[in-house]
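Spelled out from the first residue to the last, the chains are:
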Amino acid sequence: MKNKELIRTLKFVLFSASAGLIEFGWFSLLTAVTDWSYWPRYLIALVFSVLWNFTLNRNFTFKSAGNVP
């Protein structure tokens, strides 16, 4: 049981770290291809990273198939 929780914790940490990379990547891409100000670029990058993190953690870390209220 303890091993299962350790694996779950590692998945959570790795998926959360990958969300940081997603945010950095989108922000960099938007900086390179648009002339938008900081806040729209940041908001779009943040939304993509949150969706990435939520989806991966929901499906692979916690294996939740139920609807989110």
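Whatever comes next refers back to the structure up there.
For clarity, every value in this text was computed on a predicted model and none was experimentally measured. Residue numbers run consecutively from 1 along every chain, following the written order of its sequence. Residue-level local features of this predicted model are given only where pLDDT is at least 70; pairs of side-chain atoms are given and counted only at 80 or more, and the full residue set underlies all totals for whole chains, interfaces and linings. Remark: hydrogens and water are excluded; side-chain values derive from all non-hydrogen atoms of the structure.

Caption draft 1: Local environment of the overall build of the protein. Secondary structure is summarised from DSSP: a helix means a run of H or I of at least four residues, a strand means a run of E of at least two, and numbering begins at the N terminus for each. The secondary structure content of the protein amounts to 2 helices and 0 strands. Note on method: radius of gyration uses C-alpha positions; expected globular size equals 2.2 Å times residues raised to 0.38. Against the compact-globule benchmark of 11 Å for 69 residues, the protein has a radius of gyration of 15 Å, which places it well outside the compact range. Counting only C-alpha atoms and orienting by the principal axes, one finds that the protein spans roughly 50 × 25 × 15 Å. For the protein, with 69 residues in total, the buried portion stands at 14%. By definition in these notes, contact holds between two residues if any of their heavy atoms fall within 4.5 Å. Within the protein, residue pairs in contact and separated by at least 24 positions form 54% of the contacts whose partners lie at least 6 positions apart. In the form shown here, the protein has an accessible surface area of approximately 5400 Å², with 73% of it arising from carbon and sulfur atoms. Think of it in three bands: residues with accessible area under 20% of the maximum for their type are buried, residues over 50% are exposed, and the middle band is partly exposed, with areas taken using a 1.4 Å probe on protein chains only. Surface accessibility in these figures is a Shrake-Rupley result with a 1.4 Å probe; residues are shielded only by whichever protein chains are displayed.

Caption draft 2: Representation of helix α2 (residues 38–61) in the model. Its 24 residues give α2 an end-to-end C-alpha distance of 32 Å, which sits within 8% of 34 Å, the value for a rise of 1.5 Å per residue. Contacts made by the buried residues of α2 are with α1 (2–33). Of the residues one or two after α2, K63 is the one with positive phi, at around 50 degrees. Any helix carries an expected span of 1.5 Å times its number of residues minus one.

Caption draft 3: Geometry of the environment of R58. Within the secondary structure layout, R58 lies in helix α2. Separated by 46 residues in sequence, R58 and F12 have C-alpha atoms that sit 9.7 Å apart.

Caption draft 4: Structural context of a nonpolar patch on the surface. Like-charged residues are merged into a patch within 9 Å and nonpolar side chains (Val, Leu, Ile, Met, Phe, Trp, Tyr) within 5 Å, provided each residue has over 30% relative accessible area and no salt bridge. By definition, a salt bridge exists where a carboxyl oxygen of Asp or Glu is found within 4 Å of a side-chain nitrogen of Lys or Arg. On the surface, F12, V13 and F62 cluster together to form a nonpolar patch covering roughly 280 Å² of accessible area. Positionally, V13 belongs in helix α1. A residue is classified by how much of its surface remains accessible, and V13, at 47% relative accessible area, is partly exposed.

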